[in-house]
Amino acid sequence: LHIDRFVEWDDERVVKQLALVNDERIFVIAEALRRGKLTVDAISDITKVDKWFIHKLKHITDVENQLASAPLTPKLLAAANIMALAPYQSFSMLQNADMKFPTVKDGDEEVQITNGRFTLLEASPNRELRKEVFEQYYGTYKSFRNTIASLYDAQMKQLFFFAKARGYKSSFEAAVGRDNVSPQVCERLLSSVHKNIAPFHRYMVLRKKMLGVDELHMYDVYANMLKDYERSVTYEEAKEMLLEGLAPLGDHYLALLREAFENRWIDAVENEGKRVGAYCNSVYATHPFVLMNFNNTFEDAFVLAHELGHAMHFWHSDHSHDFFNAQYKMFVAEVASITNEVLLNHYLIGKAASREEKAYLINHLLDSFKGTLFRQAMLEEFEIESNRMSEQGVPITADSLSELYLRLNKEYYGPTMISDPLIGEEWSRVPHMYMNFYCYQYATSFAASVAVAKRILTEGEPALKDYIRFLSAGCTDDPVSILKIAGVDLSTEKPVEDAMKYFDELLTQLEELAE
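I will try to describe carefully the structure that is included in this document. Worth saying up front: this structure is predicted, and the values here are computed from it rather than measured. (Residues numbered from 1 in each chain as written. Predicted model: local features only at pLDDT ≥ 70, side-chain atom pairs only at ≥ 80, totals over all residues. Heavy atoms only, no water.)

1. Looking at the pattern of salt bridges
Two side chains of opposite charge can pair, provided their charged atoms sit close to one another.
Phase 1 of the analysis: In total, this model carries 32 salt bridges according to the counting rule given.
Phase 2 of the analysis: The partner of Asp11 in a salt bridge is Lys37, and the shortest N-O contact between them spans 2.7 Å. With Asp11 in helix H1 (residues 11–18) and Lys37 in the loop between helix H2 (25–35) and helix H3 (40–47), this pair connects stretches of sequence that are 26 residues apart.
Phase 3 of the analysis: With a relative accessible area of 32%, Asp11 lands in the partly exposed category.
Phase 4 of the analysis: Between Arg35 and Glu31 there is a salt bridge, and its shortest N-O distance comes to 3.0 Å. One end of the pair is Arg35 and the other is Glu31, both in helix H2 and four residues apart, which spans about a single turn. (Salt bridge = Lys/Arg side-chain N within 4 Å of Asp/Glu carboxyl O. Helix = DSSP H or I, 4+ residues; strand = E, 2+ residues; numbered from the N terminus. Buried < 20%, exposed > 50% of the residue type's maximum accessible area, 1.4 Å probe, protein only.)

2. Considering the packing of aromatic side chains
Phase 1 of the analysis: Enumeration over the complete set of coordinates arrives at 36 aromatic pairs.
Phase 2 of the analysis: When the centroid spacing of 6.0 Å and the interplanar angle of 70° are considered together, the rings of Tyr152 and Tyr434 count as edge-to-face. With a gap of 282 residues between them, Tyr152 in helix H9 (residues 145–165) and Tyr434 in the loop between strand S7 (417–418) and helix H20 (439–459) connect regions that are remote in the sequence.
Phase 3 of the analysis: Counting every residue linked through ring pairs, the aromatic cluster contains Phe200, Tyr203, Phe369, Phe374, Tyr413, Phe446, Tyr502 and Phe503. (Phe/Tyr/Trp six-rings, centres within 6.5 Å; stacked < 30°, edge-to-face > 60°.)

3. Details of the side chain of Ser390
Phase 1 of the analysis: With respect to the secondary-structure elements, Ser390 resides in helix H18 (residues 355–391).
Phase 2 of the analysis: A residue is classified by how much of its surface remains accessible, and Ser390, at 14% relative accessible area, is buried.

4. Here we look at the sheet that holds strand S5 (residues 279–281)
Phase 1 of the analysis: Spatial ordering of the open sheet is given by S4-S6-S5, a layout of three strands whose pairing is mixed. The strands lining the two open edges of the sheet, one partner per strand, are strand S4 (266–267) and S5.
Phase 2 of the analysis: Sheet topology places S4 next to strand S6 (residues 289–291); two bridges connect them, and they run parallel. Of the residues in S6, the one forming a bridge with Asp267 is Leu291. (Pairing = 2+ DSSP bridges.)

So this is what it looks like as structure tokens:
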């Protein structure tokens, strides 16, 4: 209730304006109340406006005066951040503690669906089981959709509050600004993905053909396209595989890998009560630690390569800088790990002993593209669009969020994929929606890693020296500039465009092998 020019008026002019009946009158009353020179009774006598209404206006101006006397300070904003964690904490408790899923029959065994088991069950060769798990899992999320939509709405509102308080125009601009990255990096990523989406649609056509199904549904996304090929790998075999596959990274890198294997950097054996998943943690002034559960699957070898990529990044940064400059930015956090995966996959494809093994390895890399580049780009686009809706005052409901997600799913997966209506509920299960625009960094890191790996393989020693300098850079510059050390410029579309071309080349090879 404020018009700037009224501030310049003296008290006498404000009183004269109160007697005038025009469309600015409510603002003049508010100005008089804000100054506190006239009582509610006096203003009512001058304006003939009901005292009840003036009391309501006085409540508003009193709040304005209180806020003006106690402006937001960095200390107050920092304290408010604790409350801002509430949407994610509530979602996490709902998802991990309160939400219960039904059981399904897998042969003679009764299996409890959980968030951790969902992907494993969706990879089952039993299509009827996959369909049932899909429907039961997303059906459970659908029953909580209004609560989760409310939590996500609160998350978006708190992000926008802090963005405006710190002088940003949007939550997205504030998020990328935190990492000193231009919004155009993500915008270029999404633009490049949409321009080059045709090969991904082709991949869905091939998936349908290789699975031998009449219709391709979202519960077929994780199924093994090469169901006749299975391969197990022991932990010792995986170590040798990495030492051979990562040889292009040089003798010093391989020596560090051997040290990790021989000097207990890695806890790989599954134990009761041990945390699920795979992680690498850095402890400054000593070596990094890798935690994983190695179960002799082929995928476990790639997980080991991935986590050791993180370990090597930590090691080089820690040994090149003091504590304050050693911690690299999250924007580049996945580059070293995915570079290891790309190099290992390239090596294994080159030495594949059979047509089936080669097809399996190519598809493994294509699936990595699917999960890390295409899907993460889609999740980021959903996050950006839903936050834009919230910032523009569009009501946020479970229906509006599901409609947005379903539309994007159809655009990304293409006409061959039947985007089952229940996939529209997938937004409600993704914890990254509470991580402040993190998803696009997976996709940009993947594109950067493909570029780094291909450069090392084609240029050799000069590219390797640049890559080691990148690993050793810590946080001494903005992350886009640090990536340029490794020969990757994410201020252009080239890395993503090149990654898309590589995806197309791999897909063509798999199509030929599938004939």
